[in-house]
Amino acid sequence: MADPEIHDNADRHQYELPVEGEIAVVTYNLSPPNLMITETLVPQRLEGRGIASRLAKHVIEDARARELLILPVCPFFAAYFQKHPELADAVHPTYRTILGL
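Here the residue numbering is sequential within each chain, running from 1 through the sequence in written order. Where local features are concerned, this predicted model is filtered to residues with pLDDT of at least 70; where side-chain atom pairs are given and counted, the filter is 80 or more; whole-chain, interface and lining totals use all residues. Just so you know, side-chain values use all the structure's heavy atoms and leave hydrogens and water out.

Brief notes about the nonpolar core
- Among buried residues, the Ala, Val, Leu, Ile, Met, Phe, Trp, Tyr and Cys ones that are joined through side-chain atoms within 4.5 Å form a nonpolar core. Accessible area is worked out with a 1.4 Å probe on protein chains only. A residue is then buried under 20% of its type maximum, exposed over 50%, and partly exposed in between. With 29 residues, the main nonpolar core has L35, I37, I51, I60, F77 and F81 as its most contacted residues.
- Secondary structure follows DSSP: runs of H or I at least 4 residues long count as helices, runs of E at least 2 residues long count as strands, and numbering of each begins at the N terminus. Taken together, the elements giving at least two residues each to this core come down to β2 (14-19), β3 (22-31), β4 (34-41), α1 (51-65) and α2 (75-83).
- The element contributing the most residues to this core is α1, with 7 residues.

Next comes the structure, spelled out in C-alpha cells:
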C-alpha cells in the first residue's frame, strides 16, 4: 500500500516526505514508460532511520501502479535493488543487466 505521507510533486519532479519539519526527496525524470530516479536526499539529521528505504518502497509501488519501468541512476536506488533482487521486475531490462539482477 502506498505511503499516504509521501507526495509526488510533479511540478518539481520529486517525491516528497515531510519529517520533523524537513523534507526527504527522491528526484526523477519521467519519460513514459520510464521513470529515471536521479537522486535520493535525506536531511543529515534524519539519516539512519529508514527514510530512504521508505521512499524507495513507495516509488517502486507507484511506478508499478503506473506501469513504468525504473531506471535507477541514483546510487541509493541501484544499491536498493541489488539488496532486493526480488523487485527486479520494476527495473528496466538494461539496468537489470547493469546491476546484475
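Comments concerning the packing of α1 against α2
- Whenever a helix is involved, its axis is fitted only over the stretch in contact; in every case the axis is a line through C-alpha atoms, and angles between N-to-C directions fall within 0 to 180 degrees. Taken N-terminus to C-terminus, the directions of α1 and α2 make an angle of 80°; their axes are 11 Å apart at the nearest point. Classified by the angle their axes make, α1 and α2 are roughly perpendicular. Across from A52, S53, A56, K57, V59 and I60 in α1, the residues of α2 making contact are F76, F77, Y80 and F81. Each angle receives one of four descriptions, namely roughly parallel if under 35 degrees, roughly antiparallel if over 145, roughly perpendicular if within 65 to 115, and oblique otherwise. Whether two residues touch is decided by their heavy atoms; if any such pair falls within 4.5 Å, the residues are in contact.

A look at the pattern of salt bridges
- Throughout this description, the term salt bridge denotes a Lys or Arg side-chain nitrogen within 4 Å of a carboxyl oxygen of Asp or Glu. Inspection of every chain in the model, using the stated rule, returns 7 salt bridges.
- Between R45 and E22 there is a salt bridge, and its shortest N-O distance comes to 2.4 Å. One end of the pair, R45, is in the loop between β4 and α1; the other, E22, is in strand β3, with 23 residues separating them in the sequence.
- E22 gets classed as partly exposed once you look at its relative accessible area, which sits at 27%.
- A salt bridge links R64 to D89, with the nearest nitrogen and oxygen atoms 2.5 Å apart. In this pair, R64 sits in helix α1 while D89 sits in the loop between α2 and α3 (93-99), placing the two residues 25 residues apart along the sequence.
- Classification of D89 by relative accessible area gives partly exposed; the value is 46%.
- Here the residues in one salt-bridge network are E20, E22, R45 and R49, joined through shared partners.

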